[in-house]
Amino acid sequence: MRRSSTDESTYRRSPSPEGKEPGFARGGPFRRYSSLCGHGGDGGPFFGLHANPGPRAAPARCASPKGSKYVFFYLDLSFVFLLELKRCSMARGCLQGVKFLMFAFNLLFWLGGCGILGVGIWLAATQGNFATLSSSFPSLSAANLLIVTGTFVMAIGFVGCIGAIKENKCLLLTFFVLLLLVFLLEATITILFFAYTDKIDRYAQRDLKKGLHLYGTPGNVGLTNAWSIIQTDFRCCGVSNYTDWFEVYNATRVPDSCCLEFSDSCGLHAPGTWWKAPCYETVKMWLQENLLAVGIFGLCTALVQILGLTFAMTMYCQVVKADTYCA
């Protein structure tokens, strides 16, 4: 029985076991995918299947455009720029905070120097060379020490204030160096004082006894006032004892400030009316009794200086960072 043409065509169009279907012969869907994504035309492999060569229809339909590379580059660059901008703003914010703290600290520092200088000038104007006890160092008076200290503190505070306001690295570094030198000098003097206490005691007593010979002489008003105040307030007489004054006057007498009850020429009376305690040991014992207060004062001074050094170096680093990131 002969088959109809319809059955023949249907049978012939059915796929063959060897994959001879026209779509596969020409590559089929794999061929189209390969052509779009850069594998077509030359029959490039796709999952082990080889397509027949054919016309390279549209290789650019799947390929990335060249402009996309620049888009991603611009996006990355914008992201980096935003990160740097944020870092710059954070550095600037930290700089402003440290700047105000630095300015406030140095303003207080400068005002303290003004107060010390004012007290020194007042003592120099009203009391002369007040508290000049040393004959070897006649200029080492309380007034002169306060004037020098106040001037130096004012100068350091002024440099720090201007450096903080102007954000000047040179002034900030100068402030740091000056304050560091003062701190190291104080630390060195403290260490040497405790290391050579006995030698300092002997030298101080010898120098003070030498200074007694200048008591009441013209041009030594400061030394005279200092000894009168010490002997009256601490109720003592002489450096080691009241006999130190016998060598000064070449007689058995003491200044009137050594008397138990002050009166004119009371130093000519019997020794029973004089203070017997030595002034050097009395003042030394008073310092030892108030050693805690002296130590607290010294510790506070050191902490203030360390705080100033920290502020100065922190602001210096912040200025350098701000100049680096925001230049």
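Our subject is the structure that appears above.
Residues numbered from 1 in each chain as written. Predicted model: local features only at pLDDT ≥ 70, side-chain atom pairs only at ≥ 80, totals over all residues. Heavy atoms only, no water.

Novice: Before we move on, can you summarise the overall build of the protein with the specific residues and values?
Specialist: If you tally the helices and strands in the protein, you get eleven helices and two strands. In sequence order, the secondary structure elements of the protein are arranged as α-α-α-β-β-α-α-α-α-α-α-α-α. For the protein, the proportion of its 327 residues judged to be buried stands at 27%. Pairs at least 24 apart in sequence give 61% of the contacts found in the protein among residues at least 6 apart. Carbon and sulfur atoms provide 67% of the accessible area of the protein, an area that totals close to 21600 Å². (Helix = DSSP H or I, 4+ residues; strand = E, 2+ residues; numbered from the N terminus. Buried < 20%, exposed > 50% of the residue type's maximum accessible area, 1.4 Å probe, protein only. Contact = heavy atoms within 4.5 Å. Areas by Shrake-Rupley, 256 points an atom, 1.4 Å probe, with all protein chains shown as cover.)

Novice: Can you break down the environment of A124 residue by residue, with the values?
Specialist: Tracing the backbone shows A124 in helix α4 (residues 67–127). In this structure, the C-alpha to C-alpha distance between A124 and G222, residues 98 residues apart in sequence, is 9.5 Å. Apart from residues no more than four positions distant in its own chain, A124 is found in contact with A143 and I147.

Novice: Talk me through the pattern of salt bridges; I want residue IDs and the actual numbers.
Specialist: Applying the stated criterion across every chain yields a total of one salt bridge. We note a salt bridge from K284 to D201, for which the minimum N-O separation is 2.8 Å. On the criterion of sequence distance, the pair formed by K284 in helix α10 (residues 279–289) and D201 in helix α7 (residues 197–212) is long-range, its members being 83 residues apart. Classification of K284 by relative accessible area gives partly exposed; the value is 27%. Among the residues examined, D201 registers a relative accessible area of 14% and is labelled buried. (Salt bridge = Lys/Arg side-chain N within 4 Å of Asp/Glu carboxyl O.)

Novice: Can you explain the packing of aromatic side chains? Please cite residues and give values.
Specialist: Enumeration over the complete set of coordinates arrives at ten aromatic pairs. Centre to centre, the rings of W227 and W245 are 6.2 Å apart; their planes meet at 80°, and the pair counts as edge-to-face. Residue W227 is found in helix α8 (residues 221–234), and its partner W245 is found in helix α9 (residues 244–249); the two are separated by 18 residues along the sequence. With a centroid separation of 6.3 Å and 70° between ring planes, the pair formed by F246 and W274 is classed as edge-to-face. Pair noted here: F246 is in helix α9 and W274 is in the loop between α9 and α10, with a separation of 28 residues, a long-range link. Among the aromatic residues, ring-to-ring pairing joins Y215, W227, W245 and Y249 into one connected group. (Phe/Tyr/Trp six-rings, centres within 6.5 Å; stacked < 30°, edge-to-face > 60°.)

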